[in-house]
Amino acid sequence: MYRSHSCGELQAKDINKEVILAGWVQKSRDKGFMIWVDLRDRYGITQLIFDEERTPAAVVEKAKTLGREFVIQVKGLVIERESKNPNIPTGDIEILVKELTILNEAIVPPFTIEDNTDGGEDIRMKYRYLDIRRNPVKNSLMFRHQVAMHVRNYLSHEGFIEVETPYLIKSTPEGARDFVVPSRMNEGQFYALPQSPQTFKQLLMVGGMDKYFQIVKCFRDEDLRADRQPEFTQIDCEMAFVEQEDILNIFEGLTRHLLQEIKGITIGDFPRMTYDEAMRTYGNDKPDIRFEMKFGELNEIAQHKDFKVFNDAELVVGIAVPGGASYTRKEIDKLVDWVKRPQVGALGMVYVKCNEDGSYKSSVDKFYDQDDLAKWASTTGAKAGDLICILSGQTHKVRAQLSALRMELAERLGLRNPEEFAPLWVVDFPLLEWDEETERYHAMHHPFTSPKPEDISLLESKPGDVRANAYDLVLNGNEIGGGSIRIHDKETQALMFDYLGFTPEEAKEQFGFLMDAFQYGAPPHGGLAFGFDRLVAILGGQETIRDYIAFPKNNSGRDVMIDAPANIDKDQLKELNIKLDLQ
């Protein structure tokens, strides 16, 4: 037996027990006649004491050789600790060591294994197995497990069955780029790793499974950022004989359950907002509604004077920044510089200070009088003491720019409290979106999403106006889940492929198996997929998912620990019939 107890469980009630512990040396303090060692495992830290008067001499001498991260086993007696440590559960006791076994020595780690480490992100990624020993990462992975267990319990209780779907599938042209896998036994042909189990979960509905879920790995070969990895995890769900309302109710319930069980927070009904309203009011389709700063469109009350910048704009829109009238000119100039950065792309910013005495001071006083500025304040909801920030330009661009400014200001003002949770359903997305590069429509979600029945007649004449029977779940300004009611008959699916530019032959080659299945009695069905990594991070009070993944990739999609991706042997390439021309 390597251990009778963990390093986190012994307390005063265990005094005088003989115990065996094993773990890693956190630190050692040698006072000559007495040595203290902090022993750490996943469960906590226990202090060991090697006393020349009470510990065998040979054991004391061996203890003097211990270094950080040595793996050891000790046998000893639980005694009362003289200098108690109220900050840890084992702070009332220590182990008077009688026997010491060094299970494995360790070289000095490249960074300190402490909560506040001296290791930078790159070095910690390279030695991730050491980083996992640190409490912040260890606790994040344990938190992820806790969330996964609550998800499984909730969905199982609701009658869902967990079914595994294949990882080696067929590449399709829709969505992000696929990771592809060459087939040795089928020369010149490739599998693809799934971007989602979409078609398989639909086939499970055809198969009568009724309620399916899976916590599943998915893969997308796309550019990375803090909340995106080339391989990620989804809570993937599908239900048969349902309408949109049924799905929203189930997954409101799941989200409410997680917030209650994990955070102790009770959430009532989730507000709902159409895609058009979200874009008009917040400038994006995943608004953070923990704070106000709603958009006020100013075209009608700002384009009647000789200010060419506004007159030439497709949209003039502003937000009220609470307390912003106290900003100095230097602080406002910094905001202007911020929106002019390439990442945001605005050409400039107009501002209005709403003074406490009811007057207004703006950067365009030359063109607008106090009555004009008062109307701007009314439209943006600005009060005395606030600052109005106004951008103008092309509708699509200016909304995105003002949305970015809104989020930046909220961050600076401390309005994005990670312990406050504001869920929101965004519904009625466009079915199709126009792609300038390919000069054709693409599915905004995916080609299996059903149009709103009342909009199907618009597919021929106004395809851009057709609304999808689709919905996204937003939490604190992050899309954590999205789904739709699916097309479940061959004729409508064929029509959808036609509007997406597929020839009948291409549609049959890519998705013939699904359309064939629909001929055998496909039930009405729909579903939703949560981004599990992102959900866990937000519940944990973060927006960066990396610390909630055991072995993440860096921003270049590389695993710097194992140095992947990497070249493969020439014999492997030959066996796979792959020829590389690297010139």
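1. Considerations on the nonpolar core
Stage number 1. Ranked by internal contacts, the top residues of the largest apolar core, which has 42 residues, are Val 147, Leu 155, Phe 251, Trp 425, Phe 530 and Leu 539.
Stage number 2. Ranked by residue count, the leading element in this core is helix H6 (residues 244-263), at 8 residues.
Stage number 3. Listed in part, the 26 residues of the second largest apolar core include Met 293, Leu 402, Leu 409 and Ala 410.

2. Considerations on helix H15 (residues 504-518)
Stage number 1. Relative to the 21 Å expected for 15 residues at 1.5 Å per residue, H15 spans just 16 Å between its end C-alpha atoms, considerably shorter than the ideal helical length.
Stage number 2. If you look at H15, its biggest bend is around 85°, right at Phe 511.
Stage number 3. Buried within H15 are the following residues: Ala 507, Gln 510, Phe 511, Gly 512, Leu 514, Met 515, Ala 517 and Phe 518.
Stage number 4. On its buried face, H15 is in contact with helix H5 (198-206), helix H14 (490-499) and strand E22 (525-531).

3. Notes on the packing of aromatic side chains
Stage number 1. Applying the stated criterion across every chain, the model contains 19 aromatic pairs.
Stage number 2. Seen from their ring centres, Phe 448 and Phe 511 are 5.2 Å apart, and the 85° between their planes marks the pair as edge-to-face. Linking Phe 448 in the loop between strand E19 (440-443) and helix H13 (458-461) with Phe 511 in helix H15, this pair joins segments that are 63 residues apart in sequence. We note that Phe 448, like Phe 511, is buried.
Stage number 3. Each member of the aromatic cluster is reached from another via a ring pair, and the members are Phe 307, Phe 310, Phe 367, Tyr 368 and Trp 376.
Stage number 4. Between Lys 126 and the ring centre of Tyr 127, over which it is positioned, the NZ or CZ distance is 5.9 Å.

4. Here's the deal with a nonpolar patch on the surface
Stage number 1. A contiguous nonpolar surface patch, about 280 Å² in accessible area, is contributed by Tyr 167, Leu 168 and Tyr 191.
Stage number 2. Inspection of the secondary structure puts Leu 168 in the loop between strand E6 (161-162) and strand E7 (180-182).

5. Thoughts on empty space enclosed by the protein
Stage number 1. The final tally for this structure, using the stated rule, is 1 cavity of 30 Å³ or more.
Stage number 2. A volume near 40 Å³ is recorded for the largest cavity.
Stage number 3. Considering the residues around the largest cavity, the lining is formed by Met 125, Arg 128, Phe 551, Pro 552, Arg 558, Asp 559, Val 560 and Met 561.
Stage number 4. Here the residues of the lining of the largest cavity are counted per class, giving 5 nonpolar, no polar and 3 charged.

The rules behind these values
Residues numbered from 1 in each chain as written. Predicted model: local features only at pLDDT ≥ 70, side-chain atom pairs only at ≥ 80, totals over all residues. Heavy atoms only, no water. Core = buried A, V, L, I, M, F, W, Y, C linked by side-chain atoms within 4.5 Å. Buried < 20%, exposed > 50% of the residue type's maximum accessible area, 1.4 Å probe, protein only. Helix = DSSP H or I, 4+ residues; strand = E, 2+ residues; numbered from the N terminus. Expected span 1.5 Å × (residues − 1). Bend = angle between axes of the 7 residues up to and from the residue. Contact = heavy atoms within 4.5 Å. Phe/Tyr/Trp six-rings, centres within 6.5 Å; stacked < 30°, edge-to-face > 60°. Lys NZ or Arg CZ within 6 Å of the ring centre and 35° of its normal. Patch = residues over 30% accessible without salt bridge, like charges linked within 9 Å, V, L, I, M, F, W, Y side chains within 5 Å. Areas by Shrake-Rupley, 256 points an atom, 1.4 Å probe, with all protein chains shown as cover. Salt bridge = Lys/Arg side-chain N within 4 Å of Asp/Glu carboxyl O. 1 Å grid on protein atoms, 1.4 Å probe; cavity = no way out; pocket = protein on both sides within 12 Å on 5 of 7 lines; lining within 4 Å. Points joined across faces, edges and corners; volume = space filled by probe spheres on them. Nonpolar A, V, L, I, M, F, W, Y, C, P; charged D, E, K, R; others polar.

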